[in-house]
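Now for the letters of each chain:
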Amino acid sequence: MADKKAVRDIRVVVMGAGMAGILSGIKLLEAGITNCAIYEKADRIGGTWRENTYPGLTCDVPSHAYTYSFEPNPDWSHMLPPGAEIQEYFERTTRKYGVDKIIRFNEEIVRCEFRGGRWHLETKNGTRDEADIVIAATGVLHHLNYPDIPGLASFEGACFHTARWDHSVPLDGRRVGVIGNGSTGVQIISALAPRAGKLHHFQRTAQWIMPVENPAFTDEQRAAFRADPALLHYMQNQPDYLANVERFNNSLVNADSEGIAEIEATCLANLENTVRDPVLREKLRPNYRAACKRLIYSPDYYEAIQHPNAELVSDGIECLEPAGVRLKNGRLVELDVLALATGFNAGMFMRPMNVVGRDGVQLNDVWADRPKAYMAIAMPDFPNFFMLNGPNGPVGNFSLIDIAEQQLHYIWTFIEKLRAGECREVAPTHEAMQAFERDRLEAAKRTVFGSGCKSWYLDAEGIPATWPWTRTRFCEEMKAPRLEAYAIAS
Ligand code: NAP
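Right, let's talk about the site of the ligand for a bit. Looking at the ligand, there are 23 residues lining it, with Thr 58, Asn 181, Thr 184, Thr 205 and Lys 293 nearest. One of the side-chain nitrogen or oxygen atoms of Thr 184 is found 2.7 Å away from an oxygen atom of the ligand. Top element by residues in the shell around the ligand is helix α4 (residues 183–192). It accounts for 3 residues. When the residues that make up the shell around the ligand are grouped by side-chain class, the tally is 8 nonpolar, 10 polar and 5 charged.

On inspection of all chains with the given rule, the structure shows 1 disulfide. Paired by a disulfide, Cys 292 and Cys 453 hold their sulfur atoms 2.1 Å apart. Residues Cys 292 and Cys 453 share a disulfide whose torsion about the S-S bond is about -100°; that sign makes it left-handed. Highlighted residues: Cys 292 in the loop between α9 (278–283) and β12 (296–298) and Cys 453 in the loop between α13 (430–444) and α14 (471–478), separated in sequence by 161 residues. In this structure, Cys 292 and Cys 453 share a single accessibility class: buried. In this structure Cys 36 is not part of a disulfide, and its nearest cysteine sulfur, from Cys 112, lies 16 Å away. Note on Cys 59: no disulfide assigned, nearest cysteine sulfur contributed by Cys 267 at a separation of 18 Å.

In this section: the domain arrangement of the protein. What the domain assignment reports for the protein is domain 1 (12–143 + 345–489) and domain 2 (152–208 + 256–291 + 293–340). A C-alpha centroid distance of 32 Å is found between domain 1 and domain 2. Counting residues at the interface gives 19 residues for domain 1 and 22 residues for domain 2. Buried area between domain 1 and domain 2, both sides added, is near 1800 Å², and the carbon and sulfur share of it is 51%. The three residues of domain 1 that bury the most area against domain 2 are Tyr 54, Pro 55 and Asp 60, which together make up 32% of that side's buried surface. Applying the counting rule to domain 1 against domain 2 returns 2 salt bridges. Of the charged contacts in the structure, one is a salt bridge between Arg 294 and Asp 60, with a shortest N-O distance of 2.7 Å. Taken together, domain 1 and domain 2 are joined by 6 residue pairs in polar contact (both at pLDDT 80 or more). Partitioned by chemical class, the residues of the side of domain 1 that touches domain 2 number 7 nonpolar, 9 polar and 3 charged.

With that settled, the discussion passes to the side chain of His 200. Residue position: His 200 is located in strand β10 (residues 198–202). The class of His 200 is buried, set by a relative accessible area of 6%. Beyond its immediate sequence surroundings of up to four residues, His 200 is in contact with Val 176, Gly 177, Val 178, Glu 311, Val 313, Arg 331, Val 333, Glu 334 and Leu 335.

In space, the 4 strands of this open sheet follow the order β6-β5-β4-β18, with mixed pairing throughout. Only two strands of the sheet have a single neighbouring strand rather than two, namely β6 (128–131) and β18 (354–356). Averaged over all pairs of adjacent strands, the angle between their axes in this sheet comes to 15°, without regard to strand direction. Alignment of strand β5 (residues 118–123) against β6, held across 4 bridges, turns out to be antiparallel.

One can find Thr 67 in the loop between α2 (48–51) and α3 (83–96). Accessibility expressed as a relative area gives 5% for Thr 67, which makes it buried. Among the polar contacts listed, one links the side chain of Thr 67 to the side chain of Gln 236, at a separation of 2.8 Å. If near-sequence neighbours (up to four positions away) are discounted, Thr 67 is found in contact with Pro 72, Asn 73, Trp 76, Tyr 89, Gln 236, Ile 401 and Glu 405.

Bringing the sheet that holds strand β1 (residues 12–15) into the picture now. Judged by pairing direction, the sheet is parallel, and its 5 strands sit side by side in the order β3-β2-β1-β7-β19 without closing on themselves. Strands at the two margins of the open sheet, each flanked by one partner only, are β3 (103–104) and β19 (385–387). As defined by bridge partners, β1 adjoins strand β7 (residues 133–136) across 4 bridges and the pair is classed as parallel. Each bridged residue has a counterpart across the sheet, and for Val 13 the counterpart in β7 is Val 134.

A word on the nonpolar core. Judged by nonpolar contacts, the single largest core of 96 residues is most densely connected at Tyr 68, Phe 90, Leu 284, Tyr 301 and Tyr 374. With 10 residues, the top contributor of residues to this core is helix α12 (residues 400–419). Setting aside its immediate chain neighbours within four residues, Phe 90 contacts Met 19, Ile 22, Ile 45, Trp 49, Tyr 66, Tyr 68 and Ile 401. Core analysis: the next-biggest nonpolar cluster, separate from the first, contains 25 residues, Trp 119, Ala 131, Trp 367 and Met 387 among them.

The rules behind each value
Residues numbered from 1 in each chain as written. Predicted model: local features only at pLDDT ≥ 70, side-chain atom pairs only at ≥ 80, totals over all residues. Heavy atoms only, no water. Near = heavy atom within 4 Å. Polar contact = N/O pair within 3.5 Å; in protein donor to acceptor, adjacent residues only side chain to side chain. Helix = DSSP H or I, 4+ residues; strand = E, 2+ residues; numbered from the N terminus. Nonpolar A, V, L, I, M, F, W, Y, C, P; charged D, E, K, R; others polar. Disulfide = S-S within 2.5 Å. Buried < 20%, exposed > 50% of the residue type's maximum accessible area, 1.4 Å probe, protein only. Domains from an automatic or database assignment. Contact = heavy atoms within 4.5 Å. Buried area = accessible area lost by both parts, 1.4 Å probe. Salt bridge = Lys/Arg side-chain N within 4 Å of Asp/Glu carboxyl O. Pairing = 2+ DSSP bridges. Axes fitted to C-alpha atoms, helices over the stretch in contact; angles between N-to-C directions. Core = buried A, V, L, I, M, F, W, Y, C linked by side-chain atoms within 4.5 Å.

Right, here's the structure in full:
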């Protein structure tokens, strides 16, 4: 990405030092763009991997695929790596590429306004900065969703959201409840079933559970990865895995595709073969299309929920009481600890930050109906402002690192143009944005995400907020921007 024609000393500000922000920092420094900074609201890098530390946290994307393409890691312990190991990978990589030196920790950007041809930024602490280009890498799943269950505050035991896990609270031998059975809740149940005295999993809607194995890599395997870069490259790009990702993600655009039917058959066989009690099996049987919610990969959830200490509670929750959870059927489930695995409000992105584009255009107004961005990256009236893993980007069971790398590659065309002085401002045209959004909404309704379930993929009107076309199309689009869709001002 190095630019030999550079004539301008442009300043780039990146928002967020998670996976995508660190990636941006690495690529900026590599290209010699040292006039840059990453603003991070917390005191450490890592984004989702910093915030989530719950028991059982693992990535459900294979470890070697969940790495930067340019920074393979021979030392992964498992096929599906624990969260702490991923956090460590990002910390190590941040230091290795010198990105730690450009991060400003404990600096939350609260205002970002385009005035006089530049972005003017202000943090909660009152720090001010200016930039020619802003890259928003603020993440998707960071605004916690607390359930509106009556009496929640009255519970006298320990209660916390899973992304704020309180490690001072003992779990062994205690009565633990977990509300929510998304990827998070399921991983926690697997980890706590052997530890808790009694473990209650409160399920509102059954999930599709895809079986997966999670073998540890042996010392010999890790030594071989270290010794042989070609082998490590192969691990990062295993043809079978990539073909599966491609096939699965290209199936998502059509709920009636063969790929979705295959996923359902595999998950149902997992349910039938693993869950022995027919009553429990029926409680765990989903009644909507597989992959409508994010598919859950688990090596052991069905075994964990059949542990003698574990109980699936599928009767509705009436309220919380000081002693525990009162069910709609009148039963009180007494608890010492309650973990809220109730997910995130995904539609916020960089908000509540006040982002103001050209001529006072407010992001909150532009996104009043739903968050939207041309090609999931840029918006009219917000020149030189680009998003990584922003609205309408691909979501699913694959590496978001790969998505961010492709998006940054796309953005780089504009960074080079701005840096070379070929233009001063670049933003998609209103026409391009409207046509994109019209087509996106039309296609979104046909995806499996819109086939009749509730999930964080849906916007306030129940329309999937994701990339609605095939992954293949996304990769094609990210190869280079269609310049005719942009207003490029010199
Ligand atoms: P989630 O998928 O949004 O699941 C939230 C859960 O809470 C659902 O089971 C939901 O039930 C339940 N819930 C919410 N409000 C409730 C209420 N008032 N009463 C009862 N139940 C309630 O959240 P998540 O599990 O934290 O996962 C979010 C995303 O994070 C995942 O989809 C994934 O993208 C990512 N993640 C990834 C990994 C990984 O291994 N890579 C691990 C964890 C998370 P309903 O289904 O009935 O709405």
